[in-house]
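Per-entry structural report
Each chain, written out:
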Amino acid sequence: MRRRTPSSVALAALLVTSGGCAHSHRLRGAAASACAAPEAAFDGRWDPARRARVDARARSIPVDHLRHLAGRVAGSVDRAVALWIRGRRGACEHAGRGGAERLAAAIACQDAAAAGLEVALRRFESADAAAIEGSDMALERWIEWVHGCTWTQLAGDEAAAAWSIEVAALEGTLADDASAAAVAERALRAASRSGSAGAW
């Protein structure tokens, strides 16, 4: 067996350290970009034009007992988006506490949540009574997802499966009874792949 000299051991340690530093540098670079303008995550996703469409559609639902919900859908999305932006700023401001890996996990989770909100927004744009009835619950569920991003440690396939469960939950909450069964089946498949039911 070839014996390692002190210099070869030192070189190996230096390479490992350099690789770790490069990885950390890449994570910080990505975080700096994500932290620079949190509002940009919703550019083209939640703007005045789309807000007006969602509000008009919700108010057009001819179901008297849902009018109190329909009138606040757009405002509820406003508050949910504002909470997401505060969460991103908070994660960025406290980045030093958990390290680059933790910040990267939080940002990835927040990005997935921002993309997942699109499911709800599309439903609201073409809303029926089921979507309006489920709007409060769906947005509350989405806000819980966003809160969970603050301390998530999930990454890779496990994170992707958990996010799939969250998206399916949004879909199911806003779907009519016939569609909800298919959505629930997809959520169960995602849960079985992740090995846990959306545990953060």
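Residues numbered from 1 in each chain as written. Predicted model: local features only at pLDDT ≥ 70, side-chain atom pairs only at ≥ 80, totals over all residues. Heavy atoms only, no water.

**Structural notes on the overall build of the chain**
Helix and strand counts for the chain come out as nine helices and zero strands. When the helices and strands of the chain are placed in sequence order, the string is α-α-α-α-α-α-α-α-α. Expressed as a percentage of the 200 residues in the chain, the buried residues total 39%. For the chain, contacts bridging at least 24 residues in sequence account for 81% of all contacts bridging at least 6. Here the chain displays about 11,100 Å² of accessible surface, and carbon together with sulfur accounts for 57% of that area. (Helix = DSSP H or I, 4+ residues; strand = E, 2+ residues; numbered from the N terminus. Buried < 20%, exposed > 50% of the residue type's maximum accessible area, 1.4 Å probe, protein only. Contact = heavy atoms within 4.5 Å. Areas by Shrake-Rupley, 256 points an atom, 1.4 Å probe, with all protein chains shown as cover.)

**Some words on the packing of aromatic side chains**
With the rule as written, the count across this model stands at one aromatic pair. Seen from their ring centres, Phe42 and Trp84 are 5.0 Å apart, and the 90 degrees between their planes marks the pair as edge-to-face. With Phe42 in the loop between helix H1 (6–36) and helix H2 (48–59) and Trp84 in helix H4 (residues 73–93), the pair connects residues that are 42 residues apart, well separated along the chain. The class of Trp84 is buried, set by a relative accessible area of 0%. (Phe/Tyr/Trp six-rings, centres within 6.5 Å; stacked < 30°, edge-to-face > 60°.)

**Topic: the state of the cysteines**
Using the criterion set out here, one finds two disulfides in the structure. A sulfur-sulfur distance of 1.9 Å marks the disulfide that ties Cys35 to Cys92. The S-S bond linking Cys35 to Cys92 shows a torsion near -85 degrees; that makes this disulfide left-handed. Placement of Cys35 in helix H1 and of Cys92 in helix H4 is noted, with a sequence separation of 57 residues between them. Classification of Cys92 by relative accessible area gives buried; the value is 18%. Here Cys109 connects covalently by a disulfide to Cys149, the sulfurs 2.1 Å from one another. The sign of the -70 degrees torsion about the S-S bond sets the Cys109-Cys149 disulfide as left-handed. One end of the pair, Cys109, is in helix H5 (residues 95–125); the other, Cys149, is in helix H7 (residues 135–149), and 40 residues separate them in sequence. According to the relative accessible area criterion, Cys149 is buried, its value standing at 0%. (Disulfide = S-S within 2.5 Å.)

**A word on H2**
Taking 1.5 Å as the rise per residue, H2 with 12 residues should run 16 Å; its terminal C-alpha atoms sit 16 Å apart, in good agreement. Those residues of H2 that fall on the buried side of the exposure criterion are Arg50, Val54, Asp55 and Ala58. Along the long axis of H2, the arc covered by the buried residues comes to 135 degrees, so they all point the same way. (Expected span 1.5 Å × (residues − 1). Arc of directions from axis to C-beta.)

**Here we look at the packing of H2 against H4**
Taken N-terminus to C-terminus, the directions of H2 and H4 make an angle of 140 degrees; their axes are 8 Å apart at the nearest point. Comparing their axes, H4 and H2 come out oblique. Counted together, Arg51, Val54, Asp55 and Ala58 of H2 and Val73, Ala74, Gly75 and Asp78 of H4 form the full contact between these two elements. (Axes fitted to C-alpha atoms, helices over the stretch in contact; angles between N-to-C directions. Parallel < 35°, antiparallel > 145°, perpendicular 65-115°, else oblique.)

**Describing the pattern of salt bridges**
The final tally for this structure, using the stated rule, is 13 salt bridges. Salt-bridge contacts for Glu125 lead to Arg53; the nearest nitrogen and oxygen are separated by 2.9 Å. You can see Glu125 sitting in helix H5 and its partner Arg53 sitting in helix H2, a full 72 residues away along the chain. On the basis of relative accessible area, Glu125 is assigned to the partly exposed category, the value being 26%. Overall, the relative accessible area of 45% leaves Arg53 in the partly exposed class. A salt bridge links Asp111 to Arg88, with the shortest nitrogen-to-oxygen separation between them at 2.7 Å. Here Asp111 is found in helix H5, whereas its partner Arg88 is found in helix H4, with 23 residues between them in sequence. Connected via shared salt-bridge partners are Arg45, Arg50, Arg53, Glu118, Arg122 and Glu125. (Salt bridge = Lys/Arg side-chain N within 4 Å of Asp/Glu carboxyl O.)

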